Amino acid sequence: MCGIIGVIDRTKSRMDGSCIKAALSLMNERGSGDGAGYVAYGIYPDYADCYALHVFFDNMEEPKEKVDEILQKQGTIVHQEEIPTTEQPGLKKVHIPWRYFFKPFKDQIGGSLGSEDDLVKDIVMEVNAGIKGALVFSSGKNMGVFKASGWPEDVANFFRIEEYEGYIWLAHNRYPTNTPGWWGGAHPFNLLDWSVVHNGEITSYGTNKRYVEGYGYKCTLLTDTEVVAYLFDLLGRKHGLSKERIVKALAPPFWDEIDRMPPAEEELNRAIRLTYGSALMNGPFAIVVASTDGIVGFTDRIKLRPLVVGETENRLYISSEEAAIRVIEPGIENIYTPRAGEPIIGRFNE
Amino acid sequence: MTLGSVPPRYKISIDREQCMDCGRCIENCSYGVFRREGDRIITESRKCTACMRCIAMCPRDAINLKENPVDYRSHPVWTREAREDVIRQARSGKIILSGMGNTQNHPIIFDRLLLDACQVTNPSIDPLREPMELRTYIGKKPSRLQFKKTEAGDVELETKLAPNLRLETPIMIGHMSFGAISLNAHLSMAKAVSELGTFMGTGEGGMHRKLYPYQNNLIAQVASGRFGVNVDYLERGAAIEIKIGQGAKPGIGGHLPGEKVSAEVSMTRMIPEGSDAISPAPHHDIYSIEDLVQLVRGLKEATEWKKPVFVKIAAVHNVAAIAAGIARSSADAVVIDGYRGGTGAAPKVFRDHVGIPIEVAIASVDQKLREQGVRNEVSIIASGGIRNSADLAKSIALGADAVYIGTAALIAMGCRVCGNCYRGLCPWGIATQRPDLVSRLNPEEGARQVSNLIKGWTLDLSELMGAAGINSIESMRGNRDRLRGFMLDEGLLEVLDVKTVGA
């Protein structure tokens, strides 16, 4: 059991982290104090064209030197600093959270590295699989993940998230079974612009992991959610599928339903299942994924985890519980529960 | 006579108190174990193959069969088998023939792999209440989809799918030829797969006209002898399979003795009646991977690219690299036949000593295809020693798309695995062409039994998947995270990419 909540402001008005903290904290019963985290988009306007790399360092010597070396070899560190924190009595600071604002060298792009994103993805994989004592846990542009072991309020206060303003927020309150107490195991999981919060357990993890590993992703975080971020990156960024189609691949309609569809739709859905069978996710889950251009929430195909949607004129909320949405929007009227596997998509107004 | 005789393998005895002297044992035994002398039924144990037909047909349970105790001087190296093989070859100067699969007492890896189930953190799924999807498509799949914008501004699918076979359950019946087995055996299995929405291989002996009604569920095999192959045959099959090798005898061809080439077999195979049907070891037009590519394309051209083409190879040491080569051809599936695979006839030394276990072959082929980014180019069909639904589930979890069963389907029709298929005297009407024996197998009953077996395994698989919290076969495939190795050594665990129990 975990608690998740996400919000997008369609007008790109930025919200500070106080509301999301309050909403997440309401769902403390869904967590165990072993992990919480937040992600916000639009928080680094001054460095909007740099990759914001958030890194947990175990110490500032060898791991830091190695990461510096990798980054300097492949690009420019425009700015770096320790992520500002305030010590909390209920939270033991086991890592040093650090952030780099990084620009890859243009001349590194080419061949199999078709884009800056590919290069940064490879850096993330290289650091996380190869450098002991360093973990890149956030690597998109103009966004950042803040997470640690602890209760939602403590993690929020530790990272001072009320000081950040973003137009998308996701938050997660963890009841871990896989890797309790490990900061890297807290949600959101991120790669490039993709961030994932997840309640549940992916029983197809072994299949999904084998599939993404065939494309150079390395699953190093010892927990199933990580693979969702990589699946979105592969299908969304590399294969160019829309969010609706990614959800159709990850939580597809049943064959019985596909067989009854009109021919063109049947062909499309059959093609998605045949092509992306190894990406299909099984087991109980409710997931919200954010990227630069919006959010998408969906559940497993038989809805074994709760997901509630609330809409106001400018905002879309997706949460494990209605009550959490009502903390932010007490008078909200349009609130509903989506069907199993149905994608709920929040985009910015054109 | 310097060698003398060796002791009989089995001891048949009749309980005279029970025996009602009906003579069914005499009628049923095609090996001539029983005969009447005066008012008594006499047995000749030396002729017994332990096919169990007499016991199954005795109305009074009056027949006892025992493996004859070894009365050689016990010796750890010079076992009974080792000594008798020497005697047989000293006598004959020839290769020792054998039937069915490997008889070596090697550990069975399937039995040392354990499946997973859900407890608390995720719910198991009840297949009686929730959908459970076993539908499997065999064939080439795109590695990614491409879309294009139409003039109206709609986005539509640009990628065209290659033809795939649609299986309602990931269990097919492998290739056993008409000739090696009887027409009634073929009919039984063909009826069963048609009813179940799955497929069966014709084997290399062509397709008898009585199988035409089931042709949409048949896979037409093209082997090195090219028996029964013409364009009509290819067009009848739902798919075509090129047989390069077989798990029971990798690297060698086949030999159907002339005695088994009856009039019907002769017509179906397109060879003279009574002539030996020899399949050469290599295809005489395939001496390299490029040649295979040409044959695959040739068969596709002949059938207008409408049918998937499979390539079957024996699981040999370098199976992964060979499969990767096949994946780069136009082939749609690679069939891997493990060293426990059955056969009508194989030299004993091949059956027992050449090739590798199917479990390891699936794991290394799936891994290699993924490393090379060509896993979607071919489906993996695993065969050779799949005995039950657990073996099926484990094969899929290791990375197979579907399995072929062979021996299990024969057992469902009555076979007791006596291993004398090559003699053509099968008292169960399966591995024989003798009309009186063939008529013992009723195709309707045979079909029901084979169909029941596949249905039973399918139910088992649904329950196993549901218990693992999985409702679609795609999520079982290659899900080695849901397997654990029990008493497997580190090297094997690494090849299988499976954790040990407790980890």
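Our subject is the structure that appears above.
The notes below deal with the structure included here. Because the structure is a prediction, the values reported are computed rather than measured. (Residues numbered from 1 in each chain as written. Chains lettered and ligands numbered in written order. Predicted model: local features only at pLDDT ≥ 70, side-chain atom pairs only at ≥ 80, totals over all residues. Heavy atoms only, no water.)

Quick look at the side chain of A:H54
Residues and elements named next belong to chain A.
Phase 1 of the analysis: Mapped onto the elements, H54 comes out in strand β4 (residues 51-57).
Phase 2 of the analysis: Looking at H54, the relative accessible area reads 0%, which means it is buried.
Phase 3 of the analysis: Within polar-contact distance, the side chain of H54 engages the backbone oxygen of V145 at 2.8 Å.
Phase 4 of the analysis: Apart from residues lying up to four places away in sequence, H54 is in contact with Y44, I83, W98, R99, L135, V136, F137, S138, G144, V145 and F146. (Helix = DSSP H or I, 4+ residues; strand = E, 2+ residues; numbered from the N terminus. Buried < 20%, exposed > 50% of the residue type's maximum accessible area, 1.4 Å probe, protein only. Polar contact = N/O pair within 3.5 Å; in protein donor to acceptor, adjacent residues only side chain to side chain. Contact = heavy atoms within 4.5 Å.)

Here we look at the side chain of A:H172
Residue and element names in this part refer to chain A.
Phase 1 of the analysis: Mapping H172 onto the fold places it in strand β10 (residues 168-173).
Phase 2 of the analysis: Note on H172: relative accessible area 0%, which makes it buried.
Phase 3 of the analysis: Among the polar contacts made by the side chain of H172, one reaches the side chain of H187 at a distance of 3.4 Å.
Phase 4 of the analysis: A distance of 2.8 Å separates a polar side-chain atom of H172 from the backbone oxygen of H198.
Phase 5 of the analysis: Once you skip the residues sitting within four places of it in the chain, H172 turns out to touch C2, G3, I4, L24, G35, A36, G37, H187, V197 and H198.

Digging into the interface of chain A and chain B
Bring the parts together and some accessible area is lost; that lost area is often taken as the interface size.
Phase 1 of the analysis: Taken together, the contacts link 38 residues of chain A with 41 residues of chain B.
Phase 2 of the analysis: Both faces considered, chain A and chain B share a buried interface measuring about 3400 Å² in area, 51% of it formed by carbon and sulfur atoms.
Phase 3 of the analysis: Our count for the chain A to chain B interface comes out at seven salt bridges.
Phase 4 of the analysis: Of the charged contacts, one joins A:D259 and B:R135 as a salt bridge, the two residues approaching to 2.4 Å between their closest N and O atoms.
Phase 5 of the analysis: Going through the elements one at a time, α5 (205-213), α8 (255-259) and α9 (263-275) of chain A are the ones with two or more residues in the side of chain A that touches chain B.
Phase 6 of the analysis: Element by element, the count of residues in the side of chain A that touches chain B is highest for α9(A), at eight residues. (Buried area = accessible area lost by both parts, 1.4 Å probe. Salt bridge = Lys/Arg side-chain N within 4 Å of Asp/Glu carboxyl O.)

A short note on the environment of B:V309
Phase 1 of the analysis: Along the chain, B:V309 turns up in strand β17 (residues 309-314).
Phase 2 of the analysis: Once the C-alpha coordinates of B:V309 and B:V378 are considered, the two residues, 69 residues apart in sequence, prove to be 10.0 Å apart.

So, the pattern of salt bridges
All names here are of chain B.
Phase 1 of the analysis: For the coordinates displayed, the defined rule picks out 60 salt bridges over all chains.
Phase 2 of the analysis: Across the pair K348 and D85 runs a salt bridge, and its minimum N-O distance is 2.4 Å. Linking K348 in helix α9 (residues 348-353) with D85 in helix α3 (residues 80-92), this pair joins segments that are 263 residues apart in sequence.
Phase 3 of the analysis: What makes K348 buried here is its relative accessible area of 12%.
Phase 4 of the analysis: Here E168 makes a salt bridge to R135, at a shortest N to O gap of 3.9 Å.

Let's talk about the sheet that holds strand β5 (residues 75-82) of chain A
All names here are of chain A.
Phase 1 of the analysis: Overall, antiparallel pairing links the four strands, which are arranged β5-β6-β4-β7 in an open sheet. For this open sheet the edge positions go to β5 and β7 (134-138), each flanked by a neighbour on one side alone. Taking each pair of neighbouring strands and ignoring which way they run, the sheet shows an average axis angle of 30°.
Phase 2 of the analysis: Of the pairings in the sheet, the one linking β4 to strand β6 (residues 96-104) comprises seven bridges and is antiparallel in character. Across the sheet, the residue bridging to F56 is P97, located in β6.
Phase 3 of the analysis: Its contacts with the sheet place helix α2 (residues 62-74) against β4, β5, β6 and β7, and it is angled at close to 150° to β5. (Pairing = 2+ DSSP bridges. Axes fitted to C-alpha atoms, helices over the stretch in contact; angles between N-to-C directions.)

Comments concerning the sheet that holds strand β18 (residues 344-347) of chain A
Paired through backbone hydrogen bonds, the strands of a sheet run either parallel or antiparallel to each other.
All names here are of chain A.
Phase 1 of the analysis: Read from one edge of the open sheet, five strands run β11-β12-β13-β14-β18, paired in antiparallel fashion. The open sheet has two edge strands with one neighbour each: β11 (189-191) and β18. Neighbour-to-neighbour, the strand axes of this sheet turn through a mean angle of 15°, independent of strand direction.
Phase 2 of the analysis: Sheet topology places β11 next to strand β12 (residues 194-200); three bridges connect them, and they run antiparallel. When the bridges of β12 are listed, N190 appears paired with S195.
Phase 3 of the analysis: Where helix α6 (residues 226-238) meets the sheet, its contacts fall on β11, β12, β13 (285-291) and β14 (294-299), and the angle it forms with β12 comes to roughly 135°.

Focus on unusual backbone geometry
Phase 1 of the analysis: Cis geometry marks the peptide bond from A:H187 to A:P188, where omega comes out at 0°.
Phase 2 of the analysis: Examined against the element boundaries, A:P188 turns out to sit in the loop between β10 and β11.
Phase 3 of the analysis: Its identity is not glycine, yet A:L192 carries a phi of approximately 50°, on the positive side.
Phase 4 of the analysis: Within the secondary structure layout, A:L192 lies in the loop between β11 and β12.
Phase 5 of the analysis: One non-glycine residue, B:D61, lies in the positive phi region at around 50°.
Phase 6 of the analysis: Along the chain, the position of B:D61 falls in the loop between α2 (53-57) and β4 (63-67).
Phase 7 of the analysis: In this structure B:D61 comes out as exposed when scored by relative accessible area, which is 64%.

What about the nonpolar core?
Residue and element names in this part refer to chain B.
Phase 1 of the analysis: Ranked by internal contacts, the top residues of the largest apolar core, which has 119 residues, are F34, I173, M189, I405, I430 and L496.
Phase 2 of the analysis: The element contributing the most residues to this core is helix α4 (residues 183-196), with eight residues.
Phase 3 of the analysis: Each of domain 1 (10-94) and domain 2 (166-500) contributes no fewer than three residues to this core.
Phase 4 of the analysis: Setting aside chain neighbours within four positions, we find M189 in contact with I173, M176, I181, M200, A409, M413 and V450. (Core = buried A, V, L, I, M, F, W, Y, C linked by side-chain atoms within 4.5 Å. Domains from an automatic or database assignment.)

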